[in-house]
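Descriptive structure summary
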Amino acid sequence: MAESPIDLYDTRTVGVTGDYSKTAGSSVVVITSGLPRKPGMTRDDLIETNAGIVKSVTEQVVAQSPDAIIIIVSNPLDVMTYQAHISSKFPRTRVMGMAGILDTARYRAFLAEELNVSPKDIQAVLMGGHGDTMVPLPRYTTVAGIPVTELIDADKLDAIIERTKFGGGELVKLMGTSAWYAPGSAAAQMVEAIVRDQKRVFPVCIKLEGEYGISDCYLGVPVVLGKNGVEKVIELKLTEEEMVSLRTSRDHVIEVMNVLDKLSQ
Ligand code: LMR
């Protein structure tokens, strides 16, 4: 149990290991279980180990909290969201993955640094899988409403987009393991949006059922998050070039989903 008389919050934290009964009746469950990656590994390299872990954790969570909303943080993110979705048998609106907020945060941080402005004023949309094929959308990136393309040269923007795509890997190289603070913070934002029914608009990984012309694939897209989980998937009008990037991302995620299907046979 942890409270903070100094910082003046009174949230109670209960820590247990392996006893899922203590989580019974949870409204929101964040699953971070699984191995992090080491330098030189891709997120996809974790699939074999993490699939079994996420499956077992999800099944135990569902047994205790049949009405919960599940947020996946484990990697490979999109495919672990798939794993949790099939293991939980929940509607898609209650099983989602956290990656878009994290990737967008990196993108916004790099832009803020380059432009010497506060990241608070940078709004951006980033879609697709949580990997090298993610799709930042400069057309929907603004600095206090000003299109970013008016403030930065195309080659600098391209370099920032490339750095964003490999942002997770950059940290793994520096720290010898995966990031944890920013992913935790991003997941907390999603929990807050759900618990307080804030109707926040975030990029979140969810099973697509025809949106963007894509079905049966788990990808990051902008959604409205509220007390019911994903309350709406927002469909942006993408250019042909943006759609090509999104389809490339889809193809990659489907490849890894197929690996999971084979593992489960
Ligand atoms: C991240 O993007 O920080 C996480 O997916 C962890 C990782 O290994 O990259």
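About the criteria used
- Residues numbered from 1 in each chain as written.
- Predicted model: local features only at pLDDT ≥ 70, side-chain atom pairs only at ≥ 80, totals over all residues.
- Heavy atoms only, no water.
- Near = heavy atom within 4 Å.
- Polar contact = N/O pair within 3.5 Å; in protein donor to acceptor, adjacent residues only side chain to side chain.
- Areas by Shrake-Rupley, 256 points an atom, 1.4 Å probe, with all protein chains shown as cover.
- Core = buried A, V, L, I, M, F, W, Y, C linked by side-chain atoms within 4.5 Å.
- Buried < 20%, exposed > 50% of the residue type's maximum accessible area, 1.4 Å probe, protein only.
- Contact = heavy atoms within 4.5 Å.
- Helix = DSSP H or I, 4+ residues; strand = E, 2+ residues; numbered from the N terminus.
- Salt bridge = Lys/Arg side-chain N within 4 Å of Asp/Glu carboxyl O.
- Pairing = 2+ DSSP bridges.
- Expected span 1.5 Å × (residues − 1).
- 1 Å grid on protein atoms, 1.4 Å probe; cavity = no way out; pocket = protein on both sides within 12 Å on 5 of 7 lines; lining within 4 Å.
- Points joined across faces, edges and corners; volume = space filled by probe spheres on them.
- Nonpolar A, V, L, I, M, F, W, Y, C, P; charged D, E, K, R; others polar.

1. As for the site of the ligand
- Close to the ligand lie Arg 37, Arg 43, Asn 75, Leu 102, Arg 106, His 130, Gly 168, Val 172, Ser 178 and Ala 179, which account for all nearby residues.
- Between the ligand and Ser 178, the relevant distance is 2.6 Å, taken from an oxygen atom to a side-chain nitrogen or oxygen of the residue.
- Taking 260 Å² as the accessible area of the ligand by itself, protein coverage stands at 95%.

2. Description of the nonpolar core
- With 58 residues, the main nonpolar core has Val 79, Met 96, Met 190, Leu 225 and Leu 246 as its most contacted residues.
- Non-local contacts of Val 79, meaning those with residues more than four positions away in its chain, are made with Ile 47, Val 253, Val 256, Met 257 and Leu 260.
- Judged by nonpolar contacts, the second largest core, of 14 residues, contains Tyr 107, Leu 111, Val 148 and Ile 160.

3. Quick notes on the side chain of His 85
- With respect to the helices and strands, the residue His 85 is situated in helix 2 (residues 77-88).
- Residue classification places His 85 among the buried residues on the basis of a relative accessible area of 10%.

4. Notes on the pattern of salt bridges
- Applying the stated criterion across every chain, the model contains 17 salt bridges.
- In this structure, Arg 92 and Glu 211 form a salt bridge, with 2.8 Å as the shortest nitrogen-oxygen distance. Placement of Arg 92 in the loop between helix 2 and strand 3 (95-97) and of Glu 211 in the loop between strand 9 (200-209) and strand 10 (215-226) is noted, with a sequence separation of 119 residues between them.
- Taking relative accessible area as the criterion, Glu 211 reaches 10% and is therefore assigned buried.
- Here Glu 162 makes a salt bridge to Lys 165, at a shortest N to O gap of 3.4 Å. Here Lys 165 and Glu 162 lie together in helix 4 (residues 154-165), a separation of three residues that amounts to about one turn.
- In this structure, a network of salt bridges that share partners links the residues Arg 92, Lys 207, Glu 209, Glu 211 and Asp 216.

5. What about the sheet that holds strand 4 (residues 122-123)?
- If you walk across this open sheet you meet the three strands as 4-7-8, and the pairing is antiparallel. Two strands in the sheet have a free side with no partner beyond their single neighbour: strand 4 and strand 8 (146-147).
- By the bridge criterion, two bridges tie strand 4 to strand 7 (residues 142-143) in an arrangement that is antiparallel. What sits directly across from Ile 122, in strand 7, is Val 143.

6. Some remarks on helix 2
- For helix 2, with 12 residues, the first-to-last C-alpha span of 16 Å sits near the 16 Å given by 1.5 Å per residue.
- For helix 2, the buried fraction is high: 11 of the 12 residues fall into the buried class.
- Leu 77, Asp 78, Val 79, Met 80, Thr 81, Tyr 82, Gln 83, Ala 84, His 85, Ser 87 and Ser 88 are the residues of helix 2 that are buried.
- At its buried positions, helix 2 is contacted by helix 1 (47-64), strand 2 (69-72), strand 3, strand 9, strand 10 and helix 7 (240-264).
- Lys 89 occupies a position one or two residues after helix 2 and carries a positive phi of about 60 degrees.

7. Some thoughts on the layout of surface pockets
- Quantified by volume, the largest pocket comes out at close to 580 Å³.
- The wall of the largest pocket is formed by 22 residues, among which Ile 101, Arg 108, Gln 189, Arg 200 and Phe 202 lie closest to the centre.
- Sorting the residues of the lining of the largest pocket by element identifies helix 3 (100-115), strand 4, helix 6 (181-195) and strand 9 as the ones contributing at least two each.
- When grouped by side-chain class, the residues that make up the lining of the largest pocket number 15 nonpolar, four polar and three charged.
- Put simply, the second largest pocket is a space of about 460 Å³.
- Along its surface, the second largest pocket is lined by 28 residues, and Arg 37, Met 41, Thr 42, Arg 43 and Asp 132 are the ones closest to its centre.
- Elements with a contribution of two residues or more to the lining of the second largest pocket: helix 2, helix 5 (167-175) and helix 7.

As far as function goes, none of this settles anything; it's purely spatial.
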